[in-house]
Amino acid sequence: MKIIKIWAITFSPTRTSKKSIEALAAGITGVPCETIDLTYPGKTHHQEFGPDELVIFGVPVYAGRVAPMAVQRLAALKGNNTPAVVSVTYGNRAYEDALVELRDLARQTSFKPISACAFIGEHSYSGADTPIAPGRPDSADLSAAASFGSLIGAKLAALATPDDTACPEIPGNVPYRDGVGPMPCTPTLLEDACTQCGTCVDSCPSGAVSLQERIIIDKSSCILCCACVKNCPEKALMIDFEPLNQRRRAMAEQLTQRREPELYL
Ligand SMILES: Cc1cc2nc3c(=O)[nH]c(=O)nc-3n(C[C@H](O)[C@H](O)[C@H](O)COP(=O)(O)O)c2cc1C
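The paragraphs below set out a description of the structure included in this document. Since we're looking at a predicted model, the values are computed, not measured. (Residues numbered from 1 in each chain as written. Predicted model: local features only at pLDDT ≥ 70, side-chain atom pairs only at ≥ 80, totals over all residues. Heavy atoms only, no water.)

1. Focus: the site of the ligand
Alright, step 1. Taken together, 26 residues lie around the ligand, and Ser-12, Thr-14, Thr-16, Ser-17 and Val-61 are the ones closest in.
Alright, step 2. Here the ligand, which alone exposes 640 Å², has 96% of that area covered by the protein.
Alright, step 3. In terms of residue count, strand β3 (residues 53–62) provides more of the shell around the ligand than any other element does, three residues in total.
Alright, step 4. For the shell around the ligand, the class distribution of residues is 12 nonpolar, 11 polar and three charged. (Near = heavy atom within 4 Å. Areas by Shrake-Rupley, 256 points an atom, 1.4 Å probe, with all protein chains shown as cover. Helix = DSSP H or I, 4+ residues; strand = E, 2+ residues; numbered from the N terminus. Nonpolar A, V, L, I, M, F, W, Y, C, P; charged D, E, K, R; others polar.)

2. Looking at the pairing of strand β5 (residues 82–90)
Alright, step 1. Counting buried positions along β5 gives nine out of nine residues, so the element sits mostly inside the fold.
Alright, step 2. By the alternation rule, side chains of β5 split into Thr-82, Ala-84, Val-86, Val-88 and Tyr-90 and Pro-83, Val-85, Ser-87 and Thr-89, which are all buried.
Alright, step 3. Bridge analysis of β3 against β5 gives six bridges, and the strand direction is parallel. Opposite Gly-58, over in β5, you have Ser-87 as the bridge partner.
Alright, step 4. Looking at chain direction, β5 and strand β6 (residues 111–120) are connected through nine bridges and run parallel. Across the sheet, Thr-89 pairs through a bridge with Phe-119, a residue of β6.
Alright, step 5. For the crossover that starts at β5, traverses helix α3 (residues 98–108) and ends in the parallel β6, the hand is right-handed. (Buried < 20%, exposed > 50% of the residue type's maximum accessible area, 1.4 Å probe, protein only. Pairing = 2+ DSSP bridges. Right-handed = clockwise from strand over helix to strand, strands pointing away.)

That is the geometry; function is a separate question.
Below you can see the structure in the form of structure tokens.
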């Protein structure tokens, strides 16, 4: 079948999911590609897709599930038997039921998942003292993503319609495991270091960070994705909550074995 346009659609607070699917999309040569970034609130996007387009969904794993805010934002999109690649990115621990959940979400909105993959991204809670998959996806990951894209391009070219293929078997269970609960803390602001540049406000996917007299983080809407922490040019935001810091240290100690991308053509 002939694909006339590729859409890389992502929710990606710390940008690792976005990098992985953009590399995948670039591996499918000869078809124009556009990214739809659902990460930031209040933006309008193209929402309906046709049977001769290919959509690549790329979202992060939170607690072995699709990040809840990604679920909300993806729900507004609509396919029309549109072939889709479902891709999750996780922080070198595990992705558990997230890929199955993303496949099901795509089907519920009339997309037709034909391939799936799981990539590794630097963990949201990785830091200088607690490195967890630092620098992932790296050049080896991105080249694996591009090669997989090229195989997907060949697979599509060999099909007459998306109905001529089924989504391959992928790991994960239904019913899904419990996802993230309420967040126990927000990042802490080091007032003396903050220059009120507003980078944290712009990088927050949930609108939880605002600049009033000072930077305020609303606990009820913070998803603890750490985009503000990672993007602050002054390192003025940090996690200062001991139970979470204990968990970060434990993950940095335990998750040292490199996991590789899993590709389901
Ligand atoms: C609340 C929360 C829960 C997470 N749960 C998991 C998990 O279950 N397994 C895992 O390996 N990584 C987990 N991570 C790490 C992210 O999946 C990982 O850093 C991913 O690369 C983030 O994607 P993004 O850069 O597109 O935001 C979690 C991160 C957050 C913020």
